[in-house]
Amino acid sequence: MARPASNAKKSKFSLEMEMKRAAAVAMVIITLFAGASLAQVFGAGVKGAEKAKVSQILASPEKYVGKKVDVTGPVVNVCKSRGCWAELAGDKDYQSLRVKVDDGVIVFPPALLGKTLTVEGEIERVFIRCSEDATGKKPCGEEKSVYYQIRATGAVSE
Amino acid sequence: MNWGRLNRALHRDLGYFFAGLTLLYAISGIALNHAGDFNPSYNVEKETIRAAVIPQEGNEETILSAVGAKGPVKTVFRPAPGKIQIITEGENIAADTVTGEISVERIRERPLIFPLNYLHLNHPKGAWTYAADIYALALAFLAASGLFLVKGKNGLMGRAMVLTGAGMLLPVVFYLIYH
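The shown structure was predicted, so the numbers you read here are calculated from the model rather than taken from an experiment.

Engineer: How should I be thinking about the overall build of chain B in this particular structure?
Structural biologist: Helix and strand counts for chain B stand at six helices and five strands. Secondary structure elements of chain B, listed N to C terminal, follow the sequence α-α-β-α-β-β-β-β-α-α-α. Computed over the C-alpha atoms, the radius of gyration of chain B is 27 Å, more than 25% above the 16 Å expected from 2.2 N^0.38 for a compact globule of 179 residues. Along the first, second and third principal axes, the C-alpha atoms of chain B reach 85 × 35 × 20 Å.

Here it is in structure tokens:
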């Protein structure tokens, strides 16, 4: 008669152990998934280049042209049709930096809006040669203005 | 081994297996083909309202209540003097504190078509790239094996040759005309 009681005790104990083990596994899985949902990696990710603020880049952009940097800021605009560019707000008011990616290589989804994004890439100078009359039919070789953007090879959102 | 029977069986079974992927690529292909006319992946709703008064400072609450924004604020950005952008969970709000004009953008993934486009454009990358490669190879096999399904006047030396040739000529003609 003592045997079944002992067996029952044993099976209860092993059930408890199993439940604890399952809970531990579930916790690990949940932690992994939570971690995955917190950070999203785009392209080659961020490997760690010189950190630069948007205000620093815009204050002396020529110093940064061709230089690989990591820039962090909240995403305030994205290309909604193809996800081929995003815009990071600067650390100072009225400043932002355009993040350009090669079409299809990295795609920024609209869900990134408002999230903090760290981008790695080279700062590049872009000449605007035509403005409103850019129909492609008129030749317009004259440089009208210039802006600076980061050509991203990778990014990580928080 | 009866090659004809094997070809027919493979054509049939691969055709069944890849029917779903063919529909996926066909449906999203039509949507993506017209990306210039509409946003194939997202539904972007835009609304503009005019608020009576927007204070120059501490105006976030005024703007949020004017548009009835529900989600928590993710980011506040001032792109230019007198302009403020508030991004909430689900809304992208841009306000002009001088004119009182507030524009709200609500971006939603299009049901059904968003996942299809997501896969068609290979956004998942990784293993999906190889799955799509296998599908492309299977399509090539289906095209080639289809030529040998029927014998006689409707087979490779008859109707099949004429129609397949015409089908292959089609992209060539378009290329020559438009390139």
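Engineer: Even after reading the chapter, I still don't get the sheet that holds strand S3 (residues 83–88) of chain B, so can you show me in this structure?
Structural biologist: The strands making up a sheet associate through hydrogen bonds between their backbones, and the pairing can be parallel or antiparallel. All names here are of chain B. The strand order across the open sheet built from five strands is S1-S5-S4-S3-S2, with neighbouring strands paired in antiparallel fashion. Two strands in the sheet have a free side with no partner beyond their single neighbour: strand S1 (42–50) and strand S2 (73–77). Within the sheet, the average angular offset between the axes of one strand and its neighbour, ignoring direction, is 15°. Across four bridges, the pairing between S2 and S3 is antiparallel. Along S3, the bridge assignment pairs Val-73 with Thr-88. Its contacts with the sheet put helix H3 (residues 60–67) on S1, S2, S3, strand S4 (92–96) and strand S5 (101–109), and the angle it makes with S3 is roughly 60°.

Engineer: Please clarify how the nonpolar core should be interpreted in this entry.
Structural biologist: Most often, soluble globular proteins have nonpolar side chains that are buried together. Of all hydrophobic cores here, the largest spans 31 residues; its most connected members are Phe-108 and Leu-117 of chain A. Those elements that provide at least two residues to this core are helix H2 (54–59), strand S3 (68–78), strand S4 (85–89), strand S5 (96–100), strand S6 (116–128) and strand S7 (145–157) of chain A. The leading source of residues in this core is S3 of chain A, at five residues. Setting aside its immediate chain neighbours within four residues, Phe-108 of chain A contacts Phe-42, Val-78, Cys-79, Gly-83, Trp-85, Ala-86, Val-99, Val-101, Leu-117 and Ala-155 of chain A. Judged by nonpolar contacts, the second largest core, of 12 residues, contains Leu-64, Val-67, Ala-95 and Ile-102 of chain B.

Engineer: Looking at this structure, how should I read the state of the cysteines?
Structural biologist: Two cysteines joined by a covalent bond between their sulfur atoms form a disulfide. All chains considered together, the criterion is met by zero disulfides over all chains. For the unlinked cysteine Cys-79 of chain A, the closest cysteine sulfur is that of Cys-84 of chain A, found at 3.7 Å.

Engineer: Sorry, what's going on with a nonpolar patch on the surface here?
Structural biologist: On the surface, Leu-169, Leu-170, Val-172, Val-173, Phe-174, Tyr-175, Leu-176, Ile-177 and Tyr-178 of chain B cluster together to form a nonpolar patch covering roughly 1,000 Å² of accessible area. On the secondary structure map, Val-173 of chain B appears in helix H6 (residues 159–178).

Engineer: Any chance you could explain unusual backbone geometry here in plain terms?
Structural biologist: For residues besides glycine, phi is generally negative; the peptide bonds are generally trans as well. Of note, the phi angle at Tyr-94 of chain A is positive, near 65°, even though the residue is not glycine. Residue position: Tyr-94 of chain A is located in the loop between S4 and S5. The exposure class assigned to Tyr-94 of chain A is partly exposed, which follows from its relative accessible area of 44%. Despite not being glycine, Asn-122 of chain B has its phi angle at roughly 55°, a positive value. Positionally, Asn-122 of chain B belongs in the loop between helix H4 (113–120) and helix H5 (127–146).

Basis of the calculations
- Residues numbered from 1 in each chain as written.
- Chains lettered and ligands numbered in written order.
- Predicted model: local features only at pLDDT ≥ 70, side-chain atom pairs only at ≥ 80, totals over all residues.
- Heavy atoms only, no water.
- Helix = DSSP H or I, 4+ residues; strand = E, 2+ residues; numbered from the N terminus.
- Rg over C-alpha atoms; globule rule 2.2 N^0.38 Å.
- Pairing = 2+ DSSP bridges.
- Axes fitted to C-alpha atoms, helices over the stretch in contact; angles between N-to-C directions.
- Contact = heavy atoms within 4.5 Å.
- Core = buried A, V, L, I, M, F, W, Y, C linked by side-chain atoms within 4.5 Å.
- Buried < 20%, exposed > 50% of the residue type's maximum accessible area, 1.4 Å probe, protein only.
- Disulfide = S-S within 2.5 Å.
- Patch = residues over 30% accessible without salt bridge, like charges linked within 9 Å, V, L, I, M, F, W, Y side chains within 5 Å.
- Areas by Shrake-Rupley, 256 points an atom, 1.4 Å probe, with all protein chains shown as cover.
- Salt bridge = Lys/Arg side-chain N within 4 Å of Asp/Glu carboxyl O.

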